[in-house]
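Listed below, chain by chain, are the residues.
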Amino acid sequence: MSTFIQLCQKVASESGTISGTLPTAVTGQSGRLLQIVNFTIDAWRQVQNSRNNWNWMRKEFSGSLTSGTAKYTGASFSISDFARWVSETDSLTLYLTATGVSDEGEITFISWSDWRKSFGRGSQTNNRPTNVSITPANELAFGSIPNDSYTVNGEYHTTAEVLVANADVPSLPERYHDIIAYKALVLLGEFDEAPTAIATAQRKYNDMLSDLERDQLPVVVVGTDPLA
């Protein structure tokens, strides 16, 4: 496991421009050490944003639907790190809260245009939702409009995590933590205009990125067989 400060120290050491075990903290730095801290922060952000469907950035949620209310944001379900909804088949379920989980069943994702045609126009009769869509504003829109209190369970993708304190640990699997340092070294090499340093760091980054993609991206399935 690597903490934020340990990643910064790895970047400093492998850059060949800093001697000793430095920096000793991620705050209060200036000059070259501040650059190293900032490039490490940016490297972690870029790793997370390099793909939009990393498995480690996928989380479950549970929330309540209110009678008469069709649309819900991440904040509606008290999700603080929300980026977007997972809209895969069978990824969202719903049950009448008063009845409990014995009533739980899947609801079907439909397009926003289909939702507007079926549930967003004219006079509507509130009922148990059987469909859901994602609005242009990144809301979940349920149809029919709920006629009672329902509990919904599903998944979402998180926003990029930011490293702040010395002891912060990146949320990706531990064995891939060094990819952050390699990306930071690439950024540092670009800043220094050092082609040799960039090439070495980029090779290490690319090798680990390939392993990370195999491990942390969803398997593409065609029919019933995974796509190699």
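One can find the structure itself at the top, above this paragraph.
Attention now moves to the pairing of strand β4 (residues 93–96). Looking at chain direction, β4 and strand β5 (residues 105–106) are connected through two bridges and run antiparallel. Each residue of the ladder has a partner; that of Thr93, found in β5, is Glu106. Of the pairings in the sheet, the one linking β4 to strand β9 (residues 150–158) comprises four bridges and is antiparallel in character. Each residue of the ladder has a partner; that of Leu96, found in β9, is Tyr150.

With that settled, consider the nonpolar core. Counting residues in each nonpolar core, the largest one holds 35 residues, and the members touching the most others are Ile36, Leu172, Ile179 and Leu212. Contributing elements (two or more residues each) for this core: α1 (4–15), α2 (31–49), α4 (178–192) and α5 (195–216). At nine residues, the largest contribution of residues to this core is made by α4. With residues up to four places along the chain from it excluded, the contact list for Ile179 reads Val47, Leu172, Tyr205, Met208, Leu209 and Leu212. With 17 residues, the next largest nonpolar core counts Phe77, Ile79, Ile107 and Tyr150 among its residues.

The terminal C-alpha atoms of α1, which comprises 12 residues, lie 17 Å apart, in line with the 16 Å expected from a rise of 1.5 Å per residue. Residues Phe4, Ile5, Leu7, Cys8, Val11 and Ala12 constitute the buried set of α1. Along the long axis of α1, the arc covered by the buried residues comes to 160°, so they all point the same way. A positive phi of about 75° marks Gly16, the residue just after α1.

Our next topic: the packing of α1 against α2. Two elements in contact, α1 and α2, have axes whose closest approach is 9 Å; the angle formed by their N-to-C orientations is 115°. In terms of crossing hand, the pair formed by α1 and α2 is right-handed. Note on element contacts: α2 touches α1 through Ile36, Val37, Thr40 and Ile41, opposite Phe4, Leu7, Cys8, Val11 and Ala12. Taken together, the residues that form the contact of α1 with α2 break down as eight nonpolar, one polar and no charged.

To continue, consider the environment of Lys183. Mapped onto the elements, Lys183 comes out in helix α4. Ignoring anything within four residues of it in the chain, the contact list for Lys183 reads Ala43, Gln46, Val47 and Tyr205.

With that settled, the discussion passes to the pattern of salt bridges. For the structure on display, the rule yields 13 salt bridges. One salt bridge in this structure joins Lys10 and Glu14, with 2.8 Å as the shortest N-O distance. With Lys10 and Glu14 both in helix α1, this residue pair falls four residues apart, about one helical turn. On the basis of relative accessibility, which here comes to 35%, the residue Glu14 falls in the partly exposed class.

Read across the sheet, four strands follow the order β2-β8-β7-β6 without closing on themselves; strand pairing throughout is mixed. Edge positions in the open sheet fall to β2 (71–72) and β6 (108–109), since each of these has one partner strand only. Lying on the sheet, helix α3 (residues 112–119) is in contact with β2, β7 (131–134) and β8 (140–143); it crosses β8 at an angle near 40°.

So, how was this worked out
- Residues numbered from 1 in each chain as written.
- Predicted model: local features only at pLDDT ≥ 70, side-chain atom pairs only at ≥ 80, totals over all residues.
- Heavy atoms only, no water.
- Pairing = 2+ DSSP bridges.
- Helix = DSSP H or I, 4+ residues; strand = E, 2+ residues; numbered from the N terminus.
- Core = buried A, V, L, I, M, F, W, Y, C linked by side-chain atoms within 4.5 Å.
- Buried < 20%, exposed > 50% of the residue type's maximum accessible area, 1.4 Å probe, protein only.
- Contact = heavy atoms within 4.5 Å.
- Expected span 1.5 Å × (residues − 1).
- Arc of directions from axis to C-beta.
- Axes fitted to C-alpha atoms, helices over the stretch in contact; angles between N-to-C directions.
- Left-handed = near helix turned anticlockwise from the far one by under 90°.
- Nonpolar A, V, L, I, M, F, W, Y, C, P; charged D, E, K, R; others polar.
- Salt bridge = Lys/Arg side-chain N within 4 Å of Asp/Glu carboxyl O.

Any functional reading would require information beyond the geometric quantities listed.
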